[in-house]
Amino acid sequence: MDIVILTALGVGGATLIGAILGFLFKNISHRFSDIVLSFAAGIMLAASVLGLILPSLEYGGKWGILVTVIGIFAGALSLNVIDRIVPHLHKMVGSDTENHPNSGLSKVLLFVTAIAIHNLPEGIAAGVGFGSGDTSQALLIAGGIALQNIPEGMVIIGPLLASGVSAKKTFIIAALTGVVEVIGTFIGFFAVSVSQVILPFALAFAGGTMLYVISDEMIPETHAHGSERGATYALLIGFCVMLISDVLLG
């Protein structure tokens, strides 16, 4: 249980690290941010397949493939529903936010709310990973999610400050998005702890949410600023790093 608590704090704390970096380096280039985010996407892609989907097949028994496929689509559809409820992450903060700080504040807050909502299933994925009993694999999954949270925490800072929010309140808001991920981690862990019967579905569900985030959010974001080539290779490097780690720790 201690390792789960530390992991939850680490996953959520990564957002705070990103927020601090956002304060220190307010003019971080899109290219650098895209490459870091793509690297994290590669790790998350490998983690979702190796650490969540394949174990789901393993624990699913006779109906493993059916349970896994249903779980993957259930996870993806759940985030699709969320995207319909809140505005799409990459369409919420436009140039008008900087030109009209006060009028753009509500848009920025929607942006932050969307990040917080998307952090919940990521936290659940980190928590569910421990349900398989493979601590090293679970930590690798959580590490990929935490790495992705750093640039996410960074991008929250600039728009909030530009909208007239004080530095103190901006930091608190960024921290709250990390708290959501901590809550999600505990939800995922306790869900599979209460009933191992749901473990195969829960693993696939978490894997589906991660695949959705990678395809719908991370890859489009990293390919939107002219850094497609570097972002692609960064994703491949992240995937291979996770693959090598899995082999060495397996």
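Everything quoted here is computed from the prediction, not taken from an experiment.

### A look at the confidence of the model for the protein
Link 1 in the chain: Averaged over the protein, the pLDDT score is 80; the fraction of residues at 70 or greater is 86%.
Link 2 in the chain: Within the protein, the element-level pLDDT minimum falls on helix H4 (residues 96-99), averaging 42, and the maximum on helix H3 (residues 64-85), averaging 89.
Link 3 in the chain: Every residue in residues 89-103 is under pLDDT 50, and counting partners more than four places away or in other chains gives 27 contacts.

### What to know about the packing of helix H2 (residues 30-59) against helix H9 (residues 228-249)
Link 1 in the chain: Two numbers describe how H2 lies on H9: the axes approach to 7 Å, and their chain directions differ by 40°. Comparing their axes, H9 and H2 come out oblique. The element H2 and its partner H9 pack so that their crossing is right-handed. Contacts between H2 and H9 involve Asp34, Ile35, Ser38, Phe39, Ala41, Gly42, Ile43, Leu45, Ala46, Ala47 and Leu50 from the former and Gly230, Ala231, Ala234, Leu235, Ile237, Gly238, Phe239, Val241, Met242, Leu243 and Asp246 from the latter.
Link 2 in the chain: Class assignment of the residues belonging to the contact of H2 with H9 gives a composition of 16 nonpolar, 4 polar and 2 charged.

### Looking at the environment of Asn149
Link 1 in the chain: Looking at the secondary structure, you find Asn149 in helix H6 (residues 135-162).
Link 2 in the chain: Each C-alpha atom, one on Asn149 and one on Thr15, is 5.0 Å from the other, the two residues being 134 residues apart in sequence.
Link 3 in the chain: A polar contact of 3.0 Å, which involves the side chain of Asn149, links it to the backbone oxygen of Val11.

### Observations regarding the nonpolar core
Link 1 in the chain: Counting residues in each nonpolar core, the largest one holds 33 residues, and the members touching the most others are Leu52, Val128, Ile145, Met210 and Met218.
Link 2 in the chain: Of all the elements in the fold, those that place two or more residues in this core are H2, H3, helix H5 (105-128), H6, helix H8 (199-222) and H9.
Link 3 in the chain: Setting aside chain neighbours within four positions, we find Met210 in contact with Met44, Ala47, Ser48, Leu52, Ala125, Ile141 and Ile145.
Link 4 in the chain: Judged by nonpolar contacts, the second largest core, of 9 residues, contains Ile156, Ile157, Ile173 and Ala174.

Definitions and cut-offs
- Residues numbered from 1 in each chain as written.
- Predicted model: local features only at pLDDT ≥ 70, side-chain atom pairs only at ≥ 80, totals over all residues.
- Heavy atoms only, no water.
- pLDDT = per-residue confidence, 0-100.
- Helix = DSSP H or I, 4+ residues; strand = E, 2+ residues; numbered from the N terminus.
- Contact = heavy atoms within 4.5 Å.
- Axes fitted to C-alpha atoms, helices over the stretch in contact; angles between N-to-C directions.
- Parallel < 35°, antiparallel > 145°, perpendicular 65-115°, else oblique.
- Left-handed = near helix turned anticlockwise from the far one by under 90°.
- Nonpolar A, V, L, I, M, F, W, Y, C, P; charged D, E, K, R; others polar.
- Polar contact = N/O pair within 3.5 Å; in protein donor to acceptor, adjacent residues only side chain to side chain.
- Core = buried A, V, L, I, M, F, W, Y, C linked by side-chain atoms within 4.5 Å.
- Buried < 20%, exposed > 50% of the residue type's maximum accessible area, 1.4 Å probe, protein only.

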